Amino acid sequence: MNASLQTTAGTAMKLEGVSKLYGPVKALDNISFELRKGEFLTMLGPSGSGKTTSLRAIAGFIQPTAGRLLIDGRDMTGVPPQKRNIGMMFQDYALFPHMTVLENVAYPLETRGIRRAEREKRSMEMLEIVGLAHCAKRYPKEMSGGQQQRVALARALVFKPDIVLLDEPMAALDKKLRGQMQIEIMHITRQVGATVVSVTHDQEEALVMSDRIAIFKDGCLEQIGSPNELYQQPCSEFVADFIGEANLLRGKVRAMPDGVVVEGNGWGARLPAGDPRAQAVAAAQNVCVVLRPERIRAVEAGSESGNAGEGMIEDKIYLGVEYRLVVRMNDGSKINIRSRDIAGIAGMKAGDRIGMAWSPDDIVIIGA
Amino acid sequence: MTVSTNDRGLPVATAPRTFRVPPAFWLIAPAILFLALFFVFPLLKLVAISLPGGSIEYYEQIFTTPVFLRVIGETFRVSLIVTVVTVAVAYPYAYAMAHGGRAILLVLTIALLIPFWVSLLLRSFSWIVLLQNSGLINDFLIATGLIEKPVRLIRTPFGVMIGMVHILLPYAVLPLYTVMKKIDLRLMEASSICGASWLKGFARIYFPLSLPGVMASAILAFTLALGFYITPALLGSPRDMMIAQMIAGQFNEQLNFGLGAALAVVLMVLTAVAFGLFGAVRTALQLRGRSKDGM
């Protein structure tokens with residue numbers, strides 16, 4: 001047996017070096033990742049980053065130029081969509097306008113040659129799960145956007161597919177409905193134990209729904225991991241900036257007897273000698289320090305050193321639970337701070353000098 | 001006494017409402033006048049001629065003379081076959097136009113419209129050149145050795161039908177194209193990811209959605225086919241005579257204006273009936289869709 005066909009138990013899908021060329025343009029560049037059974041994975045990235053192309057390659061609508069796609073251990077590269085046993089919810093749902101809701105949901109069962117009585121029973125059960133059993137006899141155009149989406153979801157799940165694909169699931173909904181449907185889709189897919197791959201450009205949606213997030217940029221898979229991993233340990237400035245808010249500080253590395261310091265104009269970040277990152281950072285010259293706004297403490301100017309910086313308050317915004325400060329540093333770069341130290345900050349005002357401090361555990365150093 | 005006031009509080013005379021011709025009317029007045037003078041009036045005149053002194057003798061004659069009934073029946077039979085063939089040929093053509101990409105759309109549209117710029121008479125004559133015993137098709141078949149003697153193509157129902165299909169094709173393609181262009185091809189993607197082969201998806205999704213185009217196409221082709229005159233006259237034998245030729249014969253040769261007019265009225269009424277039947281079929285199809293709704 002081909003050794004590379006073997007995947008660890010519990011792997012639903014595996015992409016191996018999948019590339020897609022459109023003429024000289026690399027829409028996908030050597031994408032490899034695994035999807036575990038029952039997992040909710042979101043492919044996140046700006047438009048043109050390759051996330052939708054990846055989804056269409058998994059569905060079988062486009063054939064990769066290179067690489068392989070394994071589903072449940074079987075090589076599915078080159079297999080047409082109708083033989084992949086994949087469910088898909090399209091961006092604007094692609095419900096069949098001339099069929100009732102029930103007929104729409106039953107269609108995947110119809111194509112699988114299941115008897116009418118059986119398929120109607122199973123479709124009704126699925127409609128029950130998405131809460132639309134009372135709408136079975138209606139036509140798609142007689143339903144609201146949120147209801148249409150649930151019909152589309154039912155149609156994608158009814159035949160217990162190996163994988164369910166969601167293409168920009170919230171794109172066609174208004175903002176209010178989005179939050180509600182995110183939770184609902186998450187609950188429904190968990191309830192039926194589906195393995196899901198979703199595509200979005202909305203980082204909040206990705207954080208809410210996903211077990212893991214795959215971040216795409218320029219046709220490459222930039223990083224894949226749990227939302228927490230991506231937030232705590234971004235591997236690049238792009239990921240740090242894309243997931244959550246981040247201050248990116250570029251500085252020079254200087255070795256010290258008791259550790260290593262990254263310095264810029266008006267700030268410094270020090271790693272003690274015992275820090276596991278210190279050695280790698282010491283070997284580099286220029287690095288980028290990622291500082292999350294909520295990890296920075298606003299202190300009196302000059303009161304702290306080591307892991308600290310200084311600047312001038314440019315804006316002070318009160319947001320109820322927290323203050324947001326925009327601080328301009330000596331080199332002109334701006335730092336965002338979110339602080340819940342309401343009492344401490346209330347007395348500060350725009351134009352004041354301010355000190356900033358953080359713990360070495362809260363910084364991520366990129367480029368080492 | 002009621003005194004109405006306008007929004008500035010000034011009294012306004014409440015004159016009794018008189019009918020006013022909307023200004024836009026004057027824009028369409030020339031067209032209406034033209035139609036009234038050269039279409040409605042002659043049509044009424046035609047009906048009057050067919051009923052001399054209120055007598056329905058010409059209509060009795062039409063419905064009791066076998067040759068008239070045979071020509072009417074033949075006209076409907078030929079038109080029906082021509083309609084089916086035309087729509088069947090137009091369907092894939094329109095599909096290619098709608099979904100084949102810009103280059104194909106351009107080529108197919110030009111190919112479709114060029115014959116429009118050539119007169120009907122000329123197109124029918126070209127078919128004589130192609131179909132006659134010493135014509136292009138027979139010469140080619142003999143040269144390739146497929147046949148020894150020329151096959152009789154012209155002066156047959158086949159010749160009439162092929163000429164009619166050719167002339168009706170653009171009329172059938174355009175309504176089909178208009179409907180197909182609006183069909184979202186992602187529905188076919190959705191169908192395939194649901195597990196359907198292309199053929200299954202076509203039968204269950206694409207074709208039902210294209211049905212309005214098929215109906216529009218068929219109505220247009222059929223009603224036009226019923227009134228064909230030059231093409232059957234040039235490509236058919238006297239046995240393939242259609243009703244329009246017979247009407248012309250009554251006016252030009254027999255000089256029996258009354259009978260000619262009655263035949264024309266019969267054609268008109270039957271066309272309207274056919275039109276209504278198509279409409280009824282379409283409504284029935286829509287109703288069948290709705291009745292499942294249970295609302």
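The rules behind these values
- Residues numbered from 1 in each chain as written.
- Chains lettered and ligands numbered in written order.
- Predicted model: local features only at pLDDT ≥ 70, side-chain atom pairs only at ≥ 80, totals over all residues.
- Heavy atoms only, no water.
- Helix = DSSP H or I, 4+ residues; strand = E, 2+ residues; numbered from the N terminus.
- Buried < 20%, exposed > 50% of the residue type's maximum accessible area, 1.4 Å probe, protein only.
- Contact = heavy atoms within 4.5 Å.
- Areas by Shrake-Rupley, 256 points an atom, 1.4 Å probe, with all protein chains shown as cover.
- Pairing = 2+ DSSP bridges.
- Buried area = accessible area lost by both parts, 1.4 Å probe.
- Salt bridge = Lys/Arg side-chain N within 4 Å of Asp/Glu carboxyl O.
- Polar contact = N/O pair within 3.5 Å; in protein donor to acceptor, adjacent residues only side chain to side chain.
- Core = buried A, V, L, I, M, F, W, Y, C linked by side-chain atoms within 4.5 Å.
- UniProt positions renumbered as here; feature names shortened; annotations may be inferred.

Some thoughts on the overall build of chain B
- What chain B contains, in helices and strands, is 12 helices and zero strands.
- The linear arrangement of helices and strands in chain B, starting from the amino end, is α-α-α-α-α-α-α-α-α-α-α-α.
- Its C-alpha atoms give chain B principal-axis dimensions of roughly 100 × 70 × 40 Å.
- When each of the 295 residues of chain B is scored for burial, the buried share is 37%.
- When contacts within chain B are restricted to residue pairs at least 6 apart in sequence, long-range pairs at least 24 apart make up 67% of them.
- Summed over all atoms, the accessible surface of chain B reaches about 17500 Å², with 72% contributed by carbon and sulfur.

A closer look at the pairing of strand β14 (residues 286-291) of chain A
All names here are of chain A.
- In terms of burial, β14 is a largely internal element, five of the six residues being buried.
- In this structure, strand β11 (residues 247-256) lies alongside β14, joined through six bridges in antiparallel fashion. Its bridge partner being in β14, L248 is matched across the sheet by V290.

Side note on the interface of chain A and chain B
- On the chain B side, the residues contacting the 27 residues of chain A number 21 residues.
- Of the roughly 2200 Å² buried at the junction of chain A and chain B (both faces included), carbon and sulfur atoms supply 58%.
- Together, Q82, H98 and Y107 of chain A form the three largest contributors to the area buried by chain A at its contact with chain B, with a combined 24%.
- Where chain A packs against chain B, one counts four salt bridges.
- Across the salt bridge formed by E189 of chain B and R56 of chain A, the nearest N and O atoms sit 2.6 Å from each other.
- Taken together, chain A and chain B are joined by nine residue pairs in polar contact (both at pLDDT 80 or more).
- Mapped by element, the contributors of at least two residues to the side of chain A that touches chain B are α1 (51-59), β6 (86-89) and α2 (101-111) of chain A.

A short note on the nonpolar core
Residue and element names in this part refer to chain A.
- M13, M43, L165 and V197 are the most contacted members of the largest nonpolar core, which totals 80 residues.
- Among residues more than four places away in sequence, those in contact with M13 are F33, E34, L35, I58, L69, L70, I71, I163 and V197.
- Counting residues in each nonpolar core, the second largest holds 35 residues, with L109, A154, L157 and V164 among its members.

Observations regarding the pattern of salt bridges
Residue and element names in this part refer to chain A.
- Summed over all chains, the structure comprises 32 salt bridges over all chains.
- A salt bridge links R254 to E263; the nearest nitrogen and oxygen atoms lie 2.7 Å apart.
- Here R353 ties to E310 by a salt bridge, and the two come within 3.3 Å at their closest N and O atoms. Remark: E310 occurs in strand β16 (residues 308-318) and R353 occurs in strand β19 (residues 353-357); sequence separation between them is 43 residues.
- For E310, a relative accessible area of 28% gives the class partly exposed.
- Via salt bridges that share partners, K14, E16, E34, R68 and D75 belong to a single interconnected network.

A closer look at the side chain of T75 of chain B
Residues and elements named next belong to chain B.
- Along the chain, the position of T75 falls in helix α3 (residues 66-99).
- Relative accessible area serves as the criterion here: at 1%, T75 is assigned to the buried category.
- Beyond its immediate sequence surroundings of up to four residues, T75 is in contact with L226, M242 and I243.

Re the pairing of β16 of chain A
Residue and element names in this part refer to chain A.
- Taken together, the two bridges between strand β13 (residues 267-272) and β16 define a ladder with antiparallel strand orientation. Note on β16: the bridge partner recorded for G268 is A308.
- Bridge analysis of β16 against β19 gives five bridges, and the strand direction is antiparallel. From the neighbouring strand, A308 faces β19, where its bridge partner is A357.
- In the sheet, β16 pairs with strand β17 (residues 323-329) via seven bridges, with the strands oriented antiparallel. Among the inter-strand pairings, I317 is bridged to a residue of β17, identified as R324.

Topic: the UniProt feature "domain: ABC transporter" (unreviewed entry) in chain A
- What UniProt calls "domain: ABC transporter" (unreviewed entry) maps, in this numbering, to residues 13-243 of chain A.
- Secondary structure within residues 13-243 of chain A divides into 36% helix and 26% strand; the distance between the first and last C-alpha atoms comes to 25 Å.

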